[in-house]
Amino acid sequence: MLVYLTKSIVGAVVVLLVMSFIVFGLQSIIPADPARAIAGPSAPPEAVEAMREHLGLDDPVLVQYGRFLLRLAHADLGTSVRTRKPVSDDIRQYLPATLELGLASIALGVALAGVMAALQFLIPGSGGIRFAIVGIGSTPIFLAALLLAYFFWFRLDWLPGAGRLAYRDFAGPSGLNVIDGILVGRPEVSLDALLHMTLPALALALPIGVAVGRSLNGALHEVMRQPYIRTARGKGISETKVLLRHGLRNAATAPLSMLRLQIPILFGNLLVVERIFGWPGLGLYTVQALASADLPAVLGVAIVFGMLYILVSTLIEIGQSVADSRINL
Amino acid sequence: MVKLSHRMSEPVTGSVLAVKDLSVILSREGRPSRVLDGISFDMFPGEIIALVGESGSGKTSIGLTLQGLLPREYLPQVAGSIRLAGIELVGAGRRTWQSARRHLVRAISQDPMGALNPTMTIRRQMQESKGGDDRSIGDWLSRTGLPDPERIADALPHRLSAGQRQRVLIAMAMMARPKLLIADEPTTALDVIMQAQILDLLRDLARDQQTAILFVTHDLTVAASLADRVLVLYAGRIVEMGRMQDVARNATHPYSAGLLAARFDLDSDRRRPLPTLPSERTHSINVENACAYATRCPIAQPDCTAIRPPLEPASVHGGAVACLHHEQTAFLATQRADAKPWPAQAIQETAALRLSNIGKTYPTGARSFWGRRQRQPVLRSVNLSIKLGECVALVGASGAGKSTLLRIAAGLVVPEGGTVTRFDKLPPQVVFQDPVASLTPWLTIGEQIGERLRAVSPDSDYGRRRVGEAIKLVGLDPVLMDALPAEMSVGQCQRAVLARAVIVPPRLLLCDEPISAMDVSLAATTLNLLSDLRRRLGMAMLFVTHDLAAARIIADRIAVLKDGELVEIADPDAIIAAPQSSYTRSLVAAMPSLQPGGGR
């Protein structure tokens, strides 16, 4: 385990270096000019030139990259061109909202996958419901999100479809509103946060649920034909217990790998969904940063997402080895 | 529920199981077929009944039907009556079945490697069998002869050997104190020494707990060493039943007689081809009003295809037989003309294969910090040479290193020490255990055989002729050239694999347990085919097996491998008459025989 964790951390650093280099390299390729962006569109050429000098944009790319890494080591991601604030401060402000939404989507997606498996293996004749789930989950994310917002917010008004919380002034210790509401003893805040989260989380969870659910069903299909399943049934235990105790754990590896593949897709989808539902998180921040060629912000978010991905995927690998102790980490 | 389980634990008087007119129809790919047809029999407490038949005879289906575990996707239709401990199970609801499985009927299966959940400790799987009672787990494990039961209880299945797992499965089934135990080929995957131990264990448990055991097997010899009574099953019907010794001595149905004749042991004549069951003739009859065996039966008369023979008391023994002309069966044995002896095989002095000082280790256990793992030796300086035209059988328990040695000889595994010298540059051909799995499912048989012809298109006239010759050489019907593996039987697949190996005759043929998954008749057929091919084509052969009887029949010399070391190598009959090593002695002693008490 110790060896595995050491290897993971070393691997993570390498991956982050490569990724930051690629994103950094974009800077010298794309036509946007940060100096012009910061100085303003009407600034005289000398001012732009001075700003360029100030930012060190005339140095070779590798020198700039080295400088960037040096600052990164001090958790300094530079200053956002758009908000004029340190990128690390921006990220600190927007990250909790995205974490909350992302975690909720993963949980909801996994639950959805479980529902699909239960329908398939315990409830005969439920093919129609599964078909509907797969159908909705296969819709492009922007369309699914818009449809959800249209029906459940705009038409039916069952759920809120904009923003994160109705209590504008609320600020809790962790920034995760659902947990903070409980921590400070205001359950109505938690409930409101949950309601606000439902539609965007559902939009994000559908593709995860369908992908993981299909992979889980495929794996279970194989596992439920194994001789040990017959042994378990032969003991006279109920079919639900056979599925949960003997089927699920042995079928866990493939859907967990599928879940891991869904994480980067989730990060991409967060940009779209946060934009549609006005969710004040990193996704929305990134959309705005991209629109204004705010490269330090994009770079900072990319590094944070990269770190999150490595963290989640390490957790999933550990989960796989817990499910099947023959997998030696 | 409570009421039912209370009733189920009452002592049973009279028969524990009464099956009447049981019929089962399964639909595979939308085609319904009758797998069991009018089965009736009773079982009494503590009685062991052997259920004998070839693969496809429906013997496994009986076991699954009695547990209510026929695969749901085959849409099983069950008719007739199954009364287990007085409870009618045909048409019973899900809960009754569950309760019956929990308290009345348990099963152990053919594949101990797959029958335990790989991600659950033995202890938890056993707890699930009985519920609660944790203390008895250790007791039960030690009752089945497992050393260090506490350590085994806390282990995961992959840490245990096949024999240990089968013991765990027996303990798991018996701790529920079932009235009926279904043992479906429980020893097929084990070597003879473990087989003998497992059979003893089952016999003792049946007596101690008064559990009736339905012992499903294709091997009449194994059945004879264990069972009180026998049911012979053919095409889903009981064709003969009676006391085990009566049927073994005086088989009355031509099919039972054929099964008995096809069986081979340490005393079978090895100078000539083994007797086999006649294979299925191509034309089919409507079996509804006919004897299902009529198309294969050597004594069939016209009326056999017009009347379905009823199961009637047999005149020769106290049992019953379903054959219109069973008085003819006795003449079968005398009628069977002795086959011509094998021609003498020319063995040259030159070696086709020479293995000197072969050593090999495999990594085992957890990785250390630097990713290294401990290495366990599987082969230690093995010396073996096979002369041109000679067949050497390599015998040993599972884990002795037999397959590794074969793979090294084939060049598929690189040894860590020693040298492999082959007579010619051509790679030797290998025949693996599972013939179906060694054929590519989407290529026709002809294409796969023709692939070995270098520089000749298998589609050219010459290519097709060569493939046709190879197919005829192994006794396959040439029309199967364009068939896919899925359209053929296991026996036909085995022949196709051999045709592929010999289309360009190799100097050396390597066979890895080619008969271990086959029933008796098919195994005898395959041994005959291999014996014939190696003589006709002058091939040297390395034949890996855990079956000493098969080794004796096919080989010129037997080599015994124990824990990676070659402990003995000699002429087959010399080895069996006077085994030198203690391991070989126990191997010979464990061979089952038709006589009661078994063993030699």
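From a predicted model like this one, the values you see are computed outputs, not experimental measurements.

**A look at the UniProt feature "domain: ABC transmembrane type-1" (unreviewed entry) in chain A**
1) Next: Summarizing the sequence annotation, UniProt attributes the feature "domain: ABC transmembrane type-1" (unreviewed entry) to residues 95-316 of chain A in the numbering used throughout.
2) Next: For residues 95-316 of chain A, the end-to-end C-alpha separation is 21 Å, with 78% helix and 0% strand making up the annotated structure.

**Quick notes on the interface of chain A and chain B**
1) Next: Every contact between the two is made by 21 residues of chain A and, on the other side, 23 residues of chain B.
2) Next: Elements that contribute at least two residues to the side of chain A that touches chain B include exactly α10 (227-234) and α11 (239-250) of chain A.
3) Next: Grouping the constituent residues of the side of chain A that touches chain B by class yields six nonpolar, nine polar and six charged.

**Some details on the sheet that holds strand β18 (residues 508-512) of chain B**
All names here are of chain B.
1) Next: The strand order across the open sheet built from six strands is β17-β18-β19-β15-β20-β21, with neighbouring strands paired in mixed fashion. Only two strands of the sheet have a single partner each, and these edge strands are β17 (429-431) and β21 (565-570). For this sheet, the mean inter-axis angle between neighbouring strands, taken without regard to orientation, is 20°.
2) Next: As defined by bridge partners, strand β15 (residues 391-395) adjoins strand β20 (residues 557-562) across four bridges and the pair is classed as parallel. Paired with Val-395 across the strands is Val-560, a residue of β20.

**Looking at the environment of Leu266(B)**
Residue and element names in this part refer to chain B.
1) Next: Its location among the elements puts Leu-266 in the loop between α11 (254-262) and β11 (312-313).
2) Next: For Leu-266, a count of 17 C-beta atoms within 10 Å corresponds to the partly exposed category.
3) Next: C-alpha separation for the pair Leu-266 and Gln-195, spaced 71 residues apart in sequence, amounts to 16 Å.
4) Next: Those residues in contact with Leu-266, other than ones at most four positions away along the chain, are Leu-548, Ala-549, Arg-552, Ile-576 and Met-591.

**Let's talk about helix α14 (residues 295-323) of chain A**
1) Next: Across its 29 residues, α14(A) extends 41 Å between first and last C-alpha, which sits within 8% of the 42 Å expected from 1.5 Å per residue.
2) Next: Buried within α14(A) are the following residues: Leu295(A), Pro296(A), Ala297(A), Val298(A), Leu299(A), Gly300(A), Val301(A), Val304(A) and Phe305(A).

**Here we look at the domain arrangement of chain B**
All names here are of chain B.
1) Next: The domains assigned to chain B are domain 1 (2-249), domain 2 (254-265 + 273-335), domain 3 (348-428 + 506-593) and domain 4 (439-505).
2) Next: One C-alpha centre belongs to domain 2, the other to domain 3, and the line joining them spans 38 Å.
3) Next: Listed by partner, the interface residues are nine residues for domain 2 and 10 residues for domain 3.
4) Next: Residues belonging to the side of domain 2 that touches domain 3 are distributed by class as follows: six nonpolar, one polar and two charged.

**Topic: the sheet that holds strand β7 (residues 180-184) of chain B**
Residue and element names in this part refer to chain B.
1) Next: The eight strands are arranged β6-β7-β8-β3-β9-β10-β12-β11 in an open sheet whose pairing can be described as mixed. The open sheet has two free edges, formed respectively by β6 (105-108) and β11, since each of these has just one partner strand.
2) Next: As judged from the five bridges shared by strand β3 (residues 48-52) and strand β8 (residues 212-217), these two strands associate in the parallel manner. Within β8, the residue paired with Ala-50 across the bridge is Phe-215.
3) Next: Packed onto the sheet, helix α2 (residues 59-67) meets β3, β6, β7, β8 and β9 (229-234) and runs at close to 150° relative to β7.

**Description of the domain arrangement of chain A**
All names here are of chain A.
1) Next: Assigned domains of chain A: these are domain 1 (16-73) and domain 2 (96-323).
2) Next: Summarising the inter-unit geometry, the C-alpha centres of domain 1 and domain 2 are found 37 Å apart.
3) Next: If you look at the interface, domain 1 gives nine residues, while domain 2 gives nine residues.
4) Next: Per element, the largest residue contribution to the side of domain 1 that touches domain 2 is six residues, and it comes from helix α1 (residues 2-29).
5) Next: For the side of domain 1 that touches domain 2, a count of residues per class yields seven nonpolar, two polar and no charged.

Conventions we followed
- Residues numbered from 1 in each chain as written.
- Chains lettered and ligands numbered in written order.
- Predicted model: local features only at pLDDT ≥ 70, side-chain atom pairs only at ≥ 80, totals over all residues.
- UniProt positions renumbered as here; feature names shortened; annotations may be inferred.
- Helix = DSSP H or I, 4+ residues; strand = E, 2+ residues; numbered from the N terminus.
- Contact = placed C-beta atoms within 7 Å.
- Nonpolar A, V, L, I, M, F, W, Y, C, P; charged D, E, K, R; others polar.
- Pairing = 2+ DSSP bridges.
- Axes fitted to C-alpha atoms, helices over the stretch in contact; angles between N-to-C directions.
- Buried ≥ 20, exposed ≤ 12 C-beta atoms within 10 Å, placed from the backbone.
- Expected span 1.5 Å × (residues − 1).
- Domains from an automatic or database assignment.

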